[in-house]
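Geometric and topological summary
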Amino acid sequence: MKKPEKPGVSKKIVWSTTLFYALVAFEFFYMFSPFAVYMYSVYNPGLQVLSRSDFTTRLVSFFMPHIIRETSNFFITWHETFGWVFFLAGLGAFVIGAIQIYGSKLRRETTVKGGLYQKIRHPQYLALMIASFGMLQIWPRYLVLFAFVTNCFAYIWLARIEEGICRRSFPDYGEYEARTGMFLPPKIEALLPRLKLPQKTWKRRIIGGGFYVCALALCFLFANLIHGLSVASLYSYKLENSVYLSLGRLEPSEIKSIADITLADEQVGAFLELEKNPETRYLNYVMPRDLFVSEVPMYIPPGQTYDHVSPGSVDQQYYKVIFTKAGYGSRPVPQMNNIIRHAITIKPLVEVWVDRVNAQVISVLPPPENRIYGDVPVPIF
């Protein structure tokens, strides 16, 4: 059962939570748009503030890859595809629910009981949670995870508010409530543990707040485990103070051969010498020469556009290595094994083109004068 028009207070809550989530998670939409550079500047101040504090630094990091297209783990490699499936499914269910509600309004019916509402009382909120889960996989920042958990609890709170209003407004709502589930079909919800909340409002709020904090902590702990799994599944080659990170499927021996070719060049050594000190940590990106990624500062030929295609679909003879200096904000400089996991920003140092077949450096390019995203914290891996 669904009332076509929500009460004013409920509408305000819906719009406020929707706006909050949009400001954070909608980030991934414009990252794929021609206006990404201009729109990202809106988020830059907030991301910069978060990246300067030890307490909030982790929020701007990604716990699954974005620019890396191939890893040794099936789920980590395809998480964006899975995310799009969840996102589009949730969005489709939300649209179907909206059609039912406004169709009922046009027919001047007071409630909606059929379709998606036949077994579930709040299918639209469930659809939004599914779409949000998909969005989290497409754009897996810890900040988006925080927004996802927060909004799930907001939708549960909204559902309870609406049910209280419906009980007072519709005499037969109790019967409808008894034969349906809040977010899942009743047979499935019956298998879930139930918690009997106290009657007093302040006690219910304390318990609800405690559940929210615990859920947030558990989700961040799980994301941290996935973060570690993601880093472990990357194709990389490690030295004492640097990591060579391949965007595609390259074995460590192959990455090492490319790295050795670049390090043997005197001009490359001169560029790296400018940043050399005991605390410098290098995060060096290895990819086919004809692959262009906006998050990694590199030379872009005139007329060429950025892309996120599979590295395996590009010419494998010619590669490039973008040497960068990893930045960690106010956090301590990490040990070699944690360079990728804890890096927040990168500073371009030099770009080297390599002919793998003939084992020679083709060209050495200085870092680009203008980075597409400036100093905004963008995905590191």
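About the cut-offs
Residues numbered from 1 in each chain as written. Predicted model: local features only at pLDDT ≥ 70, side-chain atom pairs only at ≥ 80, totals over all residues. Heavy atoms only, no water. Core = buried A, V, L, I, M, F, W, Y, C linked by side-chain atoms within 4.5 Å. Buried < 20%, exposed > 50% of the residue type's maximum accessible area, 1.4 Å probe, protein only. Helix = DSSP H or I, 4+ residues; strand = E, 2+ residues; numbered from the N terminus. Contact = heavy atoms within 4.5 Å. Phe/Tyr/Trp six-rings, centres within 6.5 Å; stacked < 30°, edge-to-face > 60°. Lys NZ or Arg CZ within 6 Å of the ring centre and 35° of its normal. Pairing = 2+ DSSP bridges. Axes fitted to C-alpha atoms, helices over the stretch in contact; angles between N-to-C directions. Salt bridge = Lys/Arg side-chain N within 4 Å of Asp/Glu carboxyl O. pLDDT = per-residue confidence, 0-100. Expected span 1.5 Å × (residues − 1). Lys, Arg positive; Asp, Glu negative; His and termini not counted. Polar contact = N/O pair within 3.5 Å; in protein donor to acceptor, adjacent residues only side chain to side chain.

1. Overview of the nonpolar core
Of all hydrophobic cores here, the largest spans 51 residues; its most connected members are Leu283, Tyr285 and Met287. For this core, the elements supplying multiple residues, two or more each, are α5 (123-138), α6 (142-169), α9 (201-232), β2 (242-246), β3 (282-288), β4 (318-327) and α12 (339-342). In terms of residue count, α6 provides more of this core than any other element does, 10 residues in total. Residues contacting Tyr285, with those up to four places away along its chain left out, are Ile67, Leu245, Leu247, Val296, Lys320, Val321, Ile322, Thr324, Ile346 and Ile380. Among the nonpolar cores identified, the runner-up in size contains 20 residues, and Tyr244, Leu250, Val268 and Val350 belong to it.

2. As for the packing of aromatic side chains
Taken as a whole and assessed by the stated rule, the structure comprises 14 aromatic pairs. Centre to centre, the rings of Tyr125 and Tyr155 are 5.5 Å apart; their planes meet at 15 degrees, and the pair counts as stacked. With Tyr125 in helix α5 and Tyr155 in helix α6, this residue pair connects regions lying 30 residues apart in the sequence. Residue Tyr125 is classed as buried on the basis of its relative accessible area of 5%. Classification of Tyr155 by relative accessible area gives buried; the value is 6%. In textbook terms, an aromatic cluster arises when at least three aromatic residues are bridged by ring pairs, as seen for Phe74, Phe75, Trp78 and Phe82. When the ring centre of Tyr319 is taken as origin, the NZ or CZ atom of Arg356, which lies over that ring, is 5.0 Å away.

3. Describing the sheet that holds β2
Taken together, the 6 strands give an open sheet; going across it, the order is β1-β2-β3-β4-β5-β6, and neighbouring strands pair in mixed fashion. Across the chains shown, the open sheet's two edge strands, defined by having one partner strand only, are β1 (236-238) and β6 (360-365). In this sheet, adjacent strand axes meet at a mean angle of 25 degrees when their direction is disregarded. Examined bridge by bridge, β2 and β3 share 5 bridges and lie parallel to one another. In the sheet register, Ser246 faces β3, and the bridge partner there is Val286. Across the sheet, helix α10 (residues 252-263) lies against β1, β2, β3, β4, β5 (345-355) and β6, angled at about 60 degrees from β1, the strand it touches most.

4. Thoughts on the pattern of salt bridges
A full pass over the atoms with the stated rule returns 6 salt bridges. One salt bridge in this structure joins Asp260 and Lys256, with 2.8 Å as the shortest N-O distance. Here Asp260 pairs with Lys256, and both are found in helix α10, just 4 residues apart, close to one helical turn. Asp260 gets classed as partly exposed once you look at its relative accessible area, which sits at 36%. Judged by its relative accessible area of 35%, Lys256 is partly exposed. As a salt-bridge pair, Arg289 and Asp290 come within 3.4 Å of each other at their nearest N and O atoms. Take Arg289: its relative accessible area is 22%, and that puts it in the partly exposed class. Exposure remark for Asp290: the relative accessible area of 35% places this residue in the partly exposed category.

5. Remarks on unusual backbone geometry
Unusually for a residue other than glycine, Ala359 sits at a positive phi of about 50 degrees. By the element assignment, Ala359 lies in the loop between β5 and β6.

6. Examining the confidence of the model for the protein chain
Averaged over all residues, the pLDDT of the protein chain equals 78, while 76% of them reach at least 70. The low-confidence segment residues 3-7, where pLDDT is below 50, has 15 contacts with residues more than four positions distant or belonging to other chains.

7. Topic: α5
Taking 1.5 Å per residue, 16 residues should reach 22 Å; α5 reaches 23 Å between its end C-alpha atoms and fits that length. The buried fraction of α5 is high, at 13 of 16 residues.

8. Some details on the side chain of Lys320
Locating Lys320 in the fold gives a position in strand β4. Despite its burial, Lys320 pairs with no opposite charge; the closest candidate is Glu351, at 4.4 Å N-O. One polar contact links the side chain of Lys320 to the main-chain carbonyl oxygen of Arg289, over a distance of 3.0 Å. Filtering out sequence-adjacent residues up to four positions away, Lys320 remains in contact with Tyr285, Val286, Met287, Pro288, Arg289, Leu291, Phe292, Met298, Glu351, Val352 and Trp353.

9. Notes on the pairing of β3
Burial runs high along β3: 7 of the 7 residues are buried. For β3 and β4, the ladder comprises 5 bridges, and the chain directions are antiparallel. Its bridge partner being in β4, Val286 is matched across the sheet by Val321.

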